[in-house]
Amino acid sequence: MTALVERPRAQAPTTGAVRDQATVASGQIAAGLGNMVFSLIMARILSPGTFAQFASFLALYLLLSMPGSAVSAVAALEPMRVARFRPALLYGGAAVGVALAVSSPWVGPALRLPVAMVVVLGLSGPALGTLALDRGRLYGWNRHARLVASLAVEPAVRLLLGLGLATVGGAVGGALGVTVAGYAALEIARRHWNDGRVSAADGSDAADPPTTETANPALPRAAAWTVLAFLALVVVQNQDLLIANRVLSPLQAGQFAVLSTLGGLSVFATMTVPLVLLPRSRAGDGGLGPALGITALIGAAAVGVVALAPTALVTALFGARYHQVAGVLVLYVGAMSLLGIARVLVAHRCATGAGRSSLVLAAMAVAAQATLIINFGHDPRSVAFSTAASVSGLTLSLGAAEALRWQRLRRRISSFRMALVRPVTLAVISITLTGLVVRLIVPRGLWLDEATSVDQARMSFAGMISNLRTTDVHPPLYFSVLWATVHVFGSGEMAVRLPSIIAGALVVPMLYLLGKEAYDQRTGVVAAAVGSVAPIMVWYSQEARMYALLMLFGVIALWAQVRICKRGGRLPWVIYAVASIALVWTQYFGALQIVVQQLAFLGVMWSRYRRGEPVRELMIGWAVTLFAIIVWLAPLVPFAHQQFVVNQTGGKGFGGPQQVGNATALSGNHLSIYAAIANVIWAVWGYHSNAAMALLAAMWPLGMLFALVLLGRRHRQVTSLLVGAVVIPGAVMFALGTVKRNLFDIRYLSTGVPVLFVLIARMVTGISRKFTTVVIGTSLVIATMLVGLIDQQYNGTNPRTYDFRQALLPVEALARPGDVILYDPADLREVVSYYAPKPVLEPVGARPNQAAGHAVFVVASPSLMNGPSDAAALSKALTSLRAHGRLVQHRQLANVEIWEFH
């Protein structure tokens, strides 16, 4: 009797898309929790090294499933055409399994795995491809109930059978349980339930009809891009664990396996979302918004859960021996959540004809991740950061590419609906969230200036203002914000950096608005994407100082001015005035940008007057705002004057520590063209070691070429404004640097840093109007930013890194009442008291002799010492302590040294 044929169900509207996503995601989360419980129990019953082997087996099991993962995507797009490929997948998987079994004596030692485990991995080969195909067809036909059943049976079998086998056979037994669970899921997925639509009268499995689609097994070219793009995503997800298992010690490999297990839960929970989206996007029924929303919601929930108490979570689930990875748990889970968003974007793009460019971006992420891990992956923390950087870059690139594609499509279609900017808005939101996640990663402790800020914020408000007036050189706005933050959230590292983190994250969407207003939407998207991971912007977004706030106000003021000159309006004038006033109340050198913008207003008015255009409205707005700026800055004049007098009397002037201004040999102690080159390098690629700075400085001709490309385009007044906002303050500070060397530093020029990235974005979008060229150019720029960010944050030879946290926390833990910490130079008092408040604190020279029965710790930062006198005092103190006591240990960290005497 003729079998009844299953047809794809009609696509539902947006509410149906949400319901379908929620149904399958719930089943996937339940399955993920079950697998998580299985992994937790395995971590408890196995030793760290053995559990690392088992976790590597799981990663290899997923890697072996890579073709299956891609086949699921194609089957969701073409559920009827792929039916005839089932025998090929079955026999192909069997061939792979046999090859693994035969080569197991060589593959096992190469991967540090037992030979039997490789054989068990080979046994899973026949099931993986066919399971992926059958599940993919269920996605394509919207058969979500059967799909959820297939997902749920795997963890059930793992728990019931796998744990029993593990107690007998260890990691190999657990691996065998995983393989059997895969076959159980296959049986559920392939079984055609007797629901009156898909069963033949004789009870046999119904076959697909010999329609035109199934008679021609050839797949569209888009299917090939889909397969390869999804393969690349799986490699990004898993290769860090495999490389870590190879290059790290067994204990560190086990620690990273724990990290990968927890991060994998976030990925697993969102794995079904792109597959549910594929048929909807192919049919043009939407669903991208619900898919991104559910993925972001699940990812945010995962990050929120682990952020509450990461150390307690790792210790409770896996044991105290894995607690060291808790510091990067939020980072890694956030990266895996971003990977889920990237997977959704790839699915939508593959279904709508942009699979090839998605493959290119994913392949670049694979190469970048492997390169970073191999070069920087010396411990679980650096491997996690490399993965996070690669995934962030991939998500940013995909979001920017999709936004730019929608922009191009919008120009082609004249309907009002397509004129909406919702896709671009979603992309900018995604880029901003990515920038926020990157800025929440704080891999270094507080340093000298930050500790001083915290110490001032702990005072009463009146006491803080008085302290600023008599001891500091900065205006009070940032410190007032920090004071409120500390008195609400406390003075922990994250709390005191919260204003900078928020301000730094808000710079990202403002870059989009400035780029869009100055040039076009494409330039705005590229500027935001690059700025979200720009090393120097991340650095100051992670520092409890005023520079991130300064960048934000600077971008807002420039955006408001460009909008005024193009469109007019009262609100932009108000925003411009407020941002300009806030600039100087945050940092006195912000006045340089105000001068540049005032000159720009005069230039615009003169140009319009010469062309015979009306200038009355512009002139009135300029006069009113200039008057308001002068009035609101007037109270700062006596405040700044008293600061100047006090500091000049003390011989300090208006600069910071001289050593910080000369952080590299390239910058030097004397002002020269090399100091200018160093500041440009810092502004674009962040802080680096002397060797890296010399290498980057050698590329200055390339920078000149890019500048010529920008200046060679059709002249625009807005370009002159942006270039002036970078060059004129730099020239003025260079001139001031001839009087006081440490004033010529990128910190005091930070208003120009975001503007520089808008100009870089203009270079990228100005080279060619071709979409593919812009995407490739943006990806390359982001890649250089990510490499610079990794080196800046993790290179121990970075002269701007001061590791007081790792130097002083052990002292605080070991110190007893009566113990003493001597510090050199005297400026270190605030940072020492922040991390080690228990011992008695005294500057070197005040008490050089060891107190009887007590320990003496000496903390010094040679790069911060003020000349030979500090070095001589330190040498004298160490000589005296060696004569009267015993040196227990001497540790040297980044720009910090510590001695312990008993």
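From a predicted model like this one, the values you see are computed outputs, not experimental measurements.

About the criteria used
Residues numbered from 1 in each chain as written. Predicted model: local features only at pLDDT ≥ 70, side-chain atom pairs only at ≥ 80, totals over all residues. Heavy atoms only, no water. Helix = DSSP H or I, 4+ residues; strand = E, 2+ residues; numbered from the N terminus. Buried < 20%, exposed > 50% of the residue type's maximum accessible area, 1.4 Å probe, protein only. Areas by Shrake-Rupley, 256 points an atom, 1.4 Å probe, with all protein chains shown as cover. Pairing = 2+ DSSP bridges. Right-handed = clockwise from strand over helix to strand, strands pointing away. Core = buried A, V, L, I, M, F, W, Y, C linked by side-chain atoms within 4.5 Å. Contact = heavy atoms within 4.5 Å. Axes fitted to C-alpha atoms, helices over the stretch in contact; angles between N-to-C directions.

Enquirer: Help me understand the overall build of the chain, please; the structure alone is not making it clear to me.
Expert: Tallying secondary structure elements over the chain gives 39 helices and 5 strands in all. Within the chain, buried positions represent 57% of all 902 residues. Element-wise, carbon and sulfur atoms account for 67% of the exposed surface of the chain, whose accessible area totals about 35,400 Å².

Enquirer: Looking at this structure, I do not really get the pairing of strand 2 (residues 840–843). What am I missing?
Expert: Two faces make up the sheet, and in a regular strand the side chains alternate between them. Inspection of the sheet shows strand 1 (residues 820–824) paired to strand 2 by 4 bridges, in the parallel sense. Looking at strand 2, one finds that valine 820 is bridged to valine 840. Crossover strand 1 to strand 2 through helix 38 (residues 829–835) is right-handed.

Enquirer: I'm lost on the nonpolar core in this one. Help?
Expert: Most often, soluble globular proteins have nonpolar side chains that are buried together. Ranked by size, the top nonpolar core spans 254 residues in total, and within it Phe51 and Phe804 carry the most contacts. If sequence neighbours within four positions are ignored, phenylalanine 804 has contacts with Leu446, Trp447, Leu448, Leu828, Val831, Tyr835, Ser861, Leu864 and Val896. Core analysis: the next-biggest nonpolar cluster, separate from the first, contains 13 residues, Val856, Ala860, Ala877 and Leu881 among them.

Enquirer: Help me out: how do you make sense of the side chain of serine 580 in this one?
Expert: One can find serine 580 in helix 26 (residues 570–586). Among the residues examined, serine 580 registers a relative accessible area of 0% and is labelled buried. The residues contacting serine 580, other than those within four sequence positions of it, are Ala557, Ile594, Gln597 and Ile629.

Enquirer: Help me out: how do you make sense of the sheet that holds strand 4 (residues 887–893) in this one?
Expert: Sheet strands pair via backbone hydrogen bonds, and the direction of the pair is either parallel or antiparallel. Strand order in the open sheet made by the 5 strands is 2-1-3-5-4, with mixed pairing throughout. Only two strands of the sheet have a single partner each, and these edge strands are strand 2 and strand 4. Along the sheet, successive strands turn relative to each other by an average axial angle of 20°, direction set aside. Its contacts with the sheet place helix 37 (residues 804–814) against strand 1, strand 3 (856–860), strand 4 and strand 5 (896–901), and it is angled at close to 155° to strand 4.

Enquirer: Looking at this structure, I do not really get the pairing of strand 5. What am I missing?
Expert: Judged by how many residues are buried, strand 5 sits mostly within the fold: 6 of 6 residues are covered. Residues Val896, Ile898 and Glu900 of strand 5 are buried on one face, and the alternating residues Glu897, Trp899 and Phe901, pointing to the opposite face, are buried as well. Alignment of strand 3 against strand 5, held across 5 bridges, turns out to be antiparallel. Residue valine 856 lies in a different strand from strand 5, and its bridge partner there is phenylalanine 901. Judged from the 6 bridges that link them, strand 4 and strand 5 form a sheet pairing that is antiparallel. For glutamine 892, the partnering residue across the bridge sits in strand 5 and is glutamate 897. Once strand 4 ends, the chain turns through 2 residues before running back antiparallel as strand 5, passing asparagine 895 with a positive phi of about 60°.

On their own, these measurements won't tell you what the molecule is for.
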